[in-house]
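The primary structure of each chain is shown beneath.
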Amino acid sequence: MESLELLYLRRNKLRFLPEFPSCKLLKELHVGENQIEMLGAEHLKHLSSIIVLDLRDNKLKSVPDEITFLQSLERLDLSNNDISSLPYSLGKLHLKFLALEGNPMRTIRRDIINKGTQEVLKYLRSKIKEDEASQRDFVTDTAMTLPSESRVNMHAIITLKILDYSDKQTTLIPDEVFDAAKSNIITSINFSKNLLCEIPKRIVELKEMVSDVNLSFNKLSFISLELCMLQKLTVLDLRNNFLSSLPEEMESLRLQTINLSFNRFKILPEVLYCIATLETILISNNQVGSVDPAKLKTMENLITLDLQNNDLLQIPPELGHCVNLRTLLLDGNPFRVPRAAILMKGTAAVLEYLRDRIPT
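Computed from a predicted structure; not experimentally measured.

1. Digging into the packing of aromatic side chains
The full count for this structure, using the stated rule, is 1 aromatic pair. Aromatic side chains Phe-178 and Phe-191 sit 5.9 Å apart centroid to centroid with 80 degrees between the ring planes, which places their arrangement in the edge-to-face category. Separated by 13 residues along the polypeptide, Phe-178 in helix 5 (residues 175-181) and Phe-191 in the loop between strand 7 (188-190) and strand 8 (212-214) bring together distant segments of the chain. Look at Phe-178 and you get buried, because its relative accessible area is 4%. A cation sits over an aromatic face here: Lys-168 above Tyr-165, 5.3 Å from the ring centre.

Shown next, in the form of structure tokens:
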């Protein structure tokens, strides 16, 4: 294994990236289409010679700062994972290619991602400088923090413009969290990994600022109208809740990305067809039994549709008319056609196959 330079481990059931302590010369590692959920320093420290790292179509939620261990890395494929943010340190690498499509990215605007790898890296490097400047100011700011605000992440508010009260296992968001946000610009809200049964009503106080809301891993069974009033909301993460429907009032939102994975939907919510700005719909691991191809075709901005692990007994051939789709994920459904061999060829091949089956 010491002389190994190229390794393909695609389409297995890997849940983590193996360690390769003896593969000092490994230059290409392809581990796409697995079930890898986490990437840590221990997985990266032996890959000092790696040039190509393919991690597409996994279940990664984050990228560690230790990605900078890979100083030789030129091509990094992270497409179709569960990544919502990138470490600013990634900007220090000299990447020639970085693939991010199909992720519920919250901290980098879509227009920056669309400009390509070098613009993303430039943006990340600029954030490193901002973070260093804000950190100096943070020492002064935290000295003035009131005792009642001790549970509030003021650093996230001041530096990152994020109202973060995640992973607290709480059934409600304390008023002091919203009070701490006053007189600050807040663009993102993260209330994930709690026990919320309803969306905090005070979220509406931030309706003119917030573009990104993460309410994943809670116990929501309905969406309140307060959420529908967030005028600038573009990214909404609702995965891992108990939702089976969405309110029609959501039509007024200008959403670009919505993540509804791991809920209880039996159909693609009707209101989604009415949100013309949607670019990404992630609704895997539900019980969706049908989609309306005619309505999907009208969604001209939709480029990613993840329907994996649902109850689709058939795929309507008319779905092939949705030529704007760049990523269509259908694995894990009980339909017989298209066959797995067709799915493996990718979205373009699937759409072409479906078009060929449209009755004339």
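2. With respect to the side chain of Ser-79
Along the polypeptide, Ser-79 turns up in the loop between strand 4 (75-77) and strand 5 (97-99). Here the side chain of Ser-79 touches Arg-56 through a polar contact of 3.2 Å, side chain to side chain.

3. A word on the confidence of the model for the protein chain
Confidence in the prediction of the protein chain, expressed as mean pLDDT, is 88, and 94% of residues score 70 or more. In this model residues 135-150 is a low-confidence stretch, pLDDT under 50, and it forms 9 contacts with partners more than four residues away in sequence or in other chains.

4. Quick word on helix 8 (residues 347-356)
Where helix 8 is concerned, the buried positions are Thr-347, Val-350, Leu-351, Tyr-353 and Leu-354. Seen from one end, helix 8 has its buried residues packed into an arc of 160 degrees, which puts them on one side. Turned more than 90 degrees away from the buried face of helix 8 sit Ala-348 and Asp-356, all of them exposed. Buried residues in helix 8 make contact with strand 13 (327-329) and helix 7 (340-343).

5. Considerations on unusual backbone geometry
Here the residue pair Val-337 and Pro-338 is connected by a cis peptide bond, since its omega of 0 degrees sits within 30 degrees of zero. Here Pro-338 lies in the loop between strand 13 and helix 7. The backbone of Phe-262 shows a phi angle near 55 degrees, a positive value even though the residue is not glycine. On the secondary structure map, Phe-262 appears in the loop between strand 10 (257-259) and strand 11 (280-282). Residue classification places Phe-262 among the partly exposed residues on the basis of a relative accessible area of 39%. Of note in this structure, Asn-309 is not a glycine but carries a positive phi near 55 degrees.

Calculation notes
Within each chain, residues carry numbers counting from 1 in the order of the written sequence. At least 70 in pLDDT is required for a residue's local features to be given in this predicted model, at least 80 for side-chain atom pairs to be given and counted, and no such filter applies to totals for whole chains, interfaces and linings, which use all residues. Only heavy atoms go into the side-chain values, all of them from the structure, while hydrogens and water stay out. For Phe, Tyr and Trp, rings pair up if their centres lie within 6.5 Å, where Trp contributes its six-membered ring, and each pair is then called stacked (planes under 30 degrees apart), edge-to-face (over 60) or tilted (otherwise). Secondary structure follows DSSP: runs of H or I at least 4 residues long count as helices, runs of E at least 2 residues long count as strands, and numbering of each begins at the N terminus. Buried residues are those whose accessible area, probed at 1.4 Å on protein chains only, stays under 20% of the maximum for their type, while exposed residues exceed 50% and partly exposed ones sit between those limits. Geometrically, a lysine NZ or arginine CZ counts as sitting over a ring once it is within 6 Å of the ring centre and also within 35 degrees of the ring normal. By the criterion applied in these results, polar contacts are pairs of N or O atoms within 3.5 Å in which, for protein atoms, one can donate a hydrogen and the other can accept it, and in which residues neighboring in sequence qualify only through two side-chain atoms. pLDDT: the predictor's confidence for each residue, scored from 0 to 100. By the convention used here, residues are in contact when the closest approach between their heavy atoms is within 4.5 Å. This arc describes the spread of directions from the helix axis toward the C-beta atoms.

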